[in-house]
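If you want the building blocks of each chain, they are given just below.
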Amino acid sequence: MKKTLALAVTAIALAVPTLSSAQFANPLSGLMGGKSSSDNASANMGAQQDSLVRTYVAAGNNVLTANVHMADALGVKAESIDAAAKSDSFSGSNIEAQDKAISASSATVAEASKAGATLKDAEAKTKYAQGLLSLAMGVKKYMDMSKDAQGFASGVSSVSPLQMGKFQSGIYIAKNLPSNVTNLTETLKQAIDFARTNGVEVPAEATSVI
C-alpha cells in the first residue's frame with residue numbers, strides 16, 4: 001500500500017509543469033526601482049518628440065529664409081520676424097511663433113506677387129530662385145516627417161495622462177503638420193508659376209517636390 005501511494009505521489013509531481021523563474025518574480029519589483037511600461041512609453045515618446053521638433057523647426061527656418069529672399073527680390077519688406085520665430089528653441093511657444101511668422105511672411109510675398117510686383121533685374125531673379133530652393137527644402141522636410149508625426153500621434157495615447165504635459169510640442173506638430181504641408185505645397189506651386197512667368201530659371205529641386 002505504501003509503495004502504491006509513493007508511486008501515485010511521484011506521478012502527480014511529474015505531471016505538474018515546472019514554473020519559470022519569471023513566474024516567481026518579486027511582485028514588488030516595480031516598486032523597488034524597476035521601470036513600468038508607462039515609463040518606457042514616455043521615454044520612447046520623448047525621443048520621438050525631440051526628432052519631430054528638430055525637423056519641424058529646421059523646415060520652418062527654411063521657409064522663413066525663402067520668404068525673406070523672395071520678398072527682397074520683389075522689392076517688398078517681409079513681415080517682421082521676431083527672435084522667437086527665428087530661434088532654434090524647441091519650446092511649444094517658439095514653434096507656434098515660427099508658424100505665425102511663416103504665415104505672415106508668406107502672405108506678404110503672395111500679395112506682392114498678385115499686386116504686380118516684378119523682378120527688376122538679374123540679381124532679383126537670382127534671389128527669387130534662391131528663395132524657391134529654400135522653400136522647396138522646407139516643404140520636403142515637412143513632407144518627409146509626415147509618417148513620423150502620425151506615429152507619434154498614435155503612440156502618445158499610451159502615455160500616462162500625468163506625463164502628457166511634456167509632449168505638447170509633439171502634439172502641436174502632429175495636429176498642424178498636415179495643413180502646413182497642404183498650404184506650403186500650394187505656395188510653392190504658385191511661386192514656381194510666378195518664377196516661370198518672370199523668366200527665372202526654376203531649380204530642379206523645387207519642381208521635384210510638387
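Bear in mind the structure is a predicted one, so any value in this text is a computation, not a measurement.

**Some details on the overall build of the chain**
A tally of regular secondary structure across the chain gives 8 helices and 0 strands. Put simply, the chain runs from its N terminus to its C terminus through helices and strands in the order α-α-α-α-α-α-α-α. Taking all 210 residues of the chain together, the buried fraction comes to 37%. Considering only intrachain contacts with a sequence separation of at least 6, the fraction spanning at least 24 residues in the chain is 84%. When the accessible area of the chain is evaluated, it comes to approximately 12,300 Å², of which 57% is carbon and sulfur surface.

**Regarding the packing of aromatic side chains**
In total, this model carries 3 aromatic pairs according to the counting rule given. Ring centres of tyrosine 56 and tyrosine 142 lie 5.4 Å apart, and the angle between their planes is 70°; this geometry places the pair in the edge-to-face category. Of the two residues, tyrosine 56 is situated in helix α2 (residues 37–74) and tyrosine 142 in helix α5 (residues 122–144); the sequence distance between them amounts to 86 residues. Tyrosine 56 gets classed as buried once you look at its relative accessible area, which sits at 0%.

**So, the packing of helix α6 (residues 146–155) against helix α7 (residues 168–197)**
In contact at an axis separation of 9 Å, α6 and α7 are set at 140° when each is read in the N-to-C sense. Comparing the axis directions of α6 and α7 gives the class oblique. For the element pair α6 and α7, the recorded crossing hand is left-handed. Residue-level inspection shows Ser146, Ala149, Phe152 and Ala153 of α6 in contact with α7, the latter providing Gly170, Ile171, Ala174, Leu177 and Val181. Of the residues assigned to the contact of α6 with α7, the class counts are 7 nonpolar, 2 polar and no charged.

**Here's the deal with the confidence of the model for the chain**
Overall, the prediction assigns the chain a mean pLDDT of 82, with 74% of residues at 70 or greater. Mean pLDDT in the chain bottoms out at helix α1 (residues 2–15), which sits at 39, and peaks at α5, which reaches 97.

**Here we look at the environment of threonine 197**
Structurally, threonine 197 can be placed in helix α7. Side-chain polar atoms of threonine 197 contact the backbone oxygen of aspartate 193, separated by 2.9 Å.

**Topic: the nonpolar core**
Of all hydrophobic cores here, the largest spans 48 residues; its most connected members are Leu74, Leu119, Tyr128, Leu132, Leu135 and Tyr142. In terms of residue count, the dominant contributor to this core is α2 (13 residues). In this structure leucine 119 touches Ala73, Leu74, Ala124, Lys125, Tyr128, Phe194, Asn198 and Val200, once residues within four positions along its chain are discounted.

**A word on α6**
For α6, the set of buried residues is Ala149, Phe152 and Gly155. The arc enclosing the buried residues of α6, seen along the axis, measures out at 130°, which places them on a common side. Away from its buried face, by an angle of more than 90 degrees, α6 presents the exposed residues Lys147, Gln150 and Ser154.

**Focus: the side chain of serine 106**
By the secondary structure assignment, serine 106 is in helix α4 (residues 92–114). Within polar-contact distance, the side chain of serine 106 engages the side chain of asparagine 67 at 3.0 Å. Ignoring any residue separated from it by four or fewer positions in sequence, one finds serine 106 in contact with Asn67 and Leu184.

**Comments concerning the environment of glycine 131**
Of note, glycine 131 is situated in helix α5. C-alpha separation for the pair glycine 131 and alanine 191, spaced 60 residues apart in sequence, amounts to 9.2 Å. Ignoring sequence-local partners within four residues, the contact set of glycine 131 consists of Ala66, His69 and Met70.

**Observations concerning the pattern of salt bridges**
Overall, the coordinates contain 4 salt bridges when judged by the stated rule. The shortest N-O distance in the salt bridge between glutamate 123 and lysine 127 comes to 3.8 Å. Taken as a pair, glutamate 123 and lysine 127 lie in helix α5 at a separation of 4 residues, close to a single helical turn. Looking at lysine 127, the relative accessible area reads 22%, which means it is partly exposed. Linked through salt bridges whose partners overlap, the residues forming this network are Asp72, Glu123 and Lys127.

Analysis parameters
- Counting from 1, residues in each chain are numbered in the order their sequence is written.
- Local features are withheld for residues below a pLDDT of 70 in this predicted model, meaning they are given only at 70 or higher, and side-chain atom pairs are given and counted only at 80 or more; totals for whole chains, interfaces and linings count all residues.
- Derived side-chain values reflect all non-hydrogen atoms in the structure, with water molecules and hydrogen atoms excluded from consideration.
- Put simply, DSSP marks the helices as runs of H or I at least four residues long and the strands as runs of E at least two long, and each gets a number from the N terminus on.
- Buried, partly exposed and exposed residues are distinguished by accessible area as a fraction of the type maximum, computed with a 1.4 Å probe on protein chains only: under 20%, between the cut-offs, and over 50%, respectively.
- By the convention used here, residues are in contact when the closest approach between their heavy atoms is within 4.5 Å.
- All accessibility values rest on the Shrake-Rupley procedure with a 1.4 Å probe; residue burial counts only the protein chains present in the view.
- Pairing of aromatic side chains requires ring centres within 6.5 Å, counting the rings of Phe and Tyr and the six-membered ring of Trp. Pairs whose planes differ by under 30 degrees are stacked, by over 60 edge-to-face, and all others tilted.
- Angles here are taken between N-to-C directions and fall from 0 to 180 degrees, while the axes themselves are lines fitted to C-alpha atoms, restricted in helices to the stretch in contact.
- In what follows, roughly perpendicular refers to angles from 65 to 115 degrees, roughly parallel to angles under 35, roughly antiparallel to angles over 145, and oblique to any angle outside these ranges.
- What makes a crossing left-handed is the near helix being turned counterclockwise from the far one by less than a right angle; a clockwise turn instead makes it right-handed.
- As a working rule, the residues Ala, Val, Leu, Ile, Met, Phe, Trp, Tyr, Cys and Pro are called nonpolar, Asp, Glu, Lys and Arg charged, and the rest polar, with Gly in that last group.
- Each residue carries a pLDDT score, the predictor's confidence in it, ranging from 0 to 100.
- Nitrogen and oxygen atoms within 3.5 Å of one another constitute a polar contact, given that in protein one can donate a hydrogen and the other can accept it, and given that sequence-neighbouring residues count only through two side-chain atoms.
- In plain words, nonpolar cores are sets of buried Ala, Val, Leu, Ile, Met, Phe, Trp, Tyr and Cys residues tied together by side-chain atoms within 4.5 Å.
- In this description, the arc belongs to the directions extending from the helix axis to the C-beta atoms.
- Here, a salt bridge means any Lys or Arg side-chain nitrogen found within 4 Å of an Asp or Glu carboxyl oxygen.

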